[in-house]
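For reference, the chains in residue letters:
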Amino acid sequence: MLLLKEKIINEGVVVNNSILKVDAFLNHQIDPELMMELGREFSQRFAGKNVTKILTIESSGIAVALTTALFFHVPVVFARKQKSSIMNENSYSTQVFSFTKNTTNNVSVLKKFLPPNENILILDDFLANGEAAMGLAELVRQAGSRVVGIGIVIEKSFQPGRRRLLEAGYQVEALARIKAFENGRILFADDNE
Ligand code: 5GP
């Protein structure tokens, strides 16, 4: 998606050879017009999937999940992160390792907001090792619902997340795919790479 690539080039900051900072438009300050366009794009890519609910993880997935949900006219649920794994009979929960923070979070969602037999679209800001997306898919499995697709704003194709998700059988749609950071420069993957 050209608009997003331009935004990444103009405002993204390469932190090291595996981390990109996009706090100017996605992770701290949020660009609402861009979020609308990302939502429109996701709604087109997952059209025909009969999405009934969108599931994301707090906090950076929420903005794009909301604009996507406006196009589908469905609710958004965001899984909450907790440091400790307090089991709660009212919640589904799983463990997610954070590659950027080097910590494991317990991620949970209240059962009443994730009922069975829903068609769930999972959305997140970044795809690196696929931990967050696999964790969200696990919550959907626990609920007895279906994952109809996984949408990612920025995929780092040099990390194994996409392969993991494809191997698990999911449709993955990433709006920008980065194949490498080279001397502070961002190299994008072609869509067929
Ligand atoms: P994964 O779970 O696929 O290993 O990593 C994705 C999660 O880690 C995302 O939810 C995002 O919060 C965070 N993340 C991974 N890589 C990056 C990155 O390069 N920049 C930022 N800002 N967050 C990242």
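Reading guide: rules and limits
- Residues numbered from 1 in each chain as written.
- Predicted model: local features only at pLDDT ≥ 70, side-chain atom pairs only at ≥ 80, totals over all residues.
- Heavy atoms only, no water.
- Helix = DSSP H or I, 4+ residues; strand = E, 2+ residues; numbered from the N terminus.
- Rg over C-alpha atoms; globule rule 2.2 N^0.38 Å.
- Buried < 20%, exposed > 50% of the residue type's maximum accessible area, 1.4 Å probe, protein only.
- Contact = heavy atoms within 4.5 Å.
- Areas by Shrake-Rupley, 256 points an atom, 1.4 Å probe, with all protein chains shown as cover.
- Lys, Arg positive; Asp, Glu negative; His and termini not counted.
- Charge placed at Lys NZ, Arg CZ, Asp CG, Glu CD.
- Phe/Tyr/Trp six-rings, centres within 6.5 Å; stacked < 30°, edge-to-face > 60°.
- Near = heavy atom within 4 Å.
- Polar contact = N/O pair within 3.5 Å; in protein donor to acceptor, adjacent residues only side chain to side chain.
- Pairing = 2+ DSSP bridges.
- Right-handed = clockwise from strand over helix to strand, strands pointing away.

Engineer: Please explain the overall build of the protein as it appears in this structure.
Structural biologist: Each helix and strand in the protein was counted, giving 5 helices and 10 strands. In terms of C-alpha radius of gyration, the protein reaches 16 Å, essentially the compact-globule figure of 16 Å for 193 residues. The proportion of buried residues among the 193 residues of the protein is 50%. Sequence-distant contacts in the protein: of pairs separated by 6 or more residues, those separated by 24 or more amount to 60%. Total accessible area computed for the protein in this model is approximately 9,600 Å², and 49% of it derives from carbon and sulfur atoms. Charged side chains of the protein number 22 positive and 21 negative; the gap between the two group centres comes to 5 Å.

Engineer: What exactly am I supposed to notice about the environment of Lys81 here?
Structural biologist: Structurally, Lys81 can be placed in strand β4 (residues 76–82). Lys81 sits in the partly exposed class, given a relative accessible area of 33%. A sequence separation of 25 residues divides Lys81 from Asn106, and the C-alpha atoms of the two residues are 5.7 Å apart. Those residues in contact with Lys81 that lie beyond four places of it in its chain are Ile57, Glu58, Ser59, Asn105, Asn106 and Val107.

Engineer: Help me understand the packing of aromatic side chains, please; the structure alone is not making it clear to me.
Structural biologist: Two aromatic rings, taken as a pair, are described by how far apart their centres are and by the angle between their planes. Considering all chains together, one arrives at 2 aromatic pairs under this definition. Ring geometry for Phe158 and Phe181: centres 5.6 Å apart, planes at 75°, overall edge-to-face. Of this pair, Phe158 sits in the loop between β8 (146–156) and α5 (161–167) while Phe181 sits in strand β9 (residues 172–182), placing them 23 residues apart in sequence. Here Phe158 falls in the partly exposed class, since its relative accessible area comes to 33%. Of the residues examined, Phe181 reaches a relative accessible area of 10% and is grouped as buried.

Engineer: Teacher, can you tell me more about the site of the ligand here?
Structural biologist: Not every one of the 16 residues close to the ligand is listed here, only the nearest: Leu20, Asp124, Gly130, Ala132 and Lys156. Leu20 is positioned with one of its backbone polar atoms (N or O) 2.7 Å from a nitrogen atom of the ligand. Interatomic distance of 2.8 Å between a backbone N/O atom of Asn129 and an oxygen atom of the ligand. About the coverage of the ligand: the protein hides 87% of its 500 Å² of free accessible area. Counting only elements with at least two residues in the shell around the ligand, the list comes to β7 (119–127) and α4 (131–143).

Engineer: What is the right way to read helix α3 (residues 62–72) from this model?
Structural biologist: Residues that lie three or four places apart on an α-helix share one face, since the helix turns once every 3.6 residues. The complete set of buried residues in α3 reads Ala63, Val64, Ala65, Thr67, Thr68, Ala69 and Phe72. Of the residues one or two after α3, His73 is the one with positive phi, at around 60°.

Engineer: It is not clear to me how the side chain of Thr68 should be interpreted in this structure. Could you clarify?
Structural biologist: Mapped onto the secondary structure, Thr68 falls in helix α3. Beyond its immediate stretch of four places on either side in the chain, Thr68 contacts Gly39, Phe42, Ser43, Ile54, Leu121 and Leu123.

Engineer: Which parts of the structure should I look at to understand the pairing of β7?
Structural biologist: Along any regular strand the residues' side chains alternate between the sheet's two faces. Of all the 9 residues making up β7, 9 are buried; the element is thus mostly covered by neighbouring parts of the structure. For strand β3 (residues 53–57) and β7, the ladder comprises 3 bridges, and the chain directions are parallel. For Ile54, the partnering residue across the bridge sits in β7 and is Leu121. Pairing geometry for β7 and β8, over 8 bridges, is parallel. Each bridged residue has a counterpart across the sheet, and for Leu127 the counterpart in β8 is Glu155. One crossover worth recording links β7 to the parallel β8 by way of α4, and it is right-handed.

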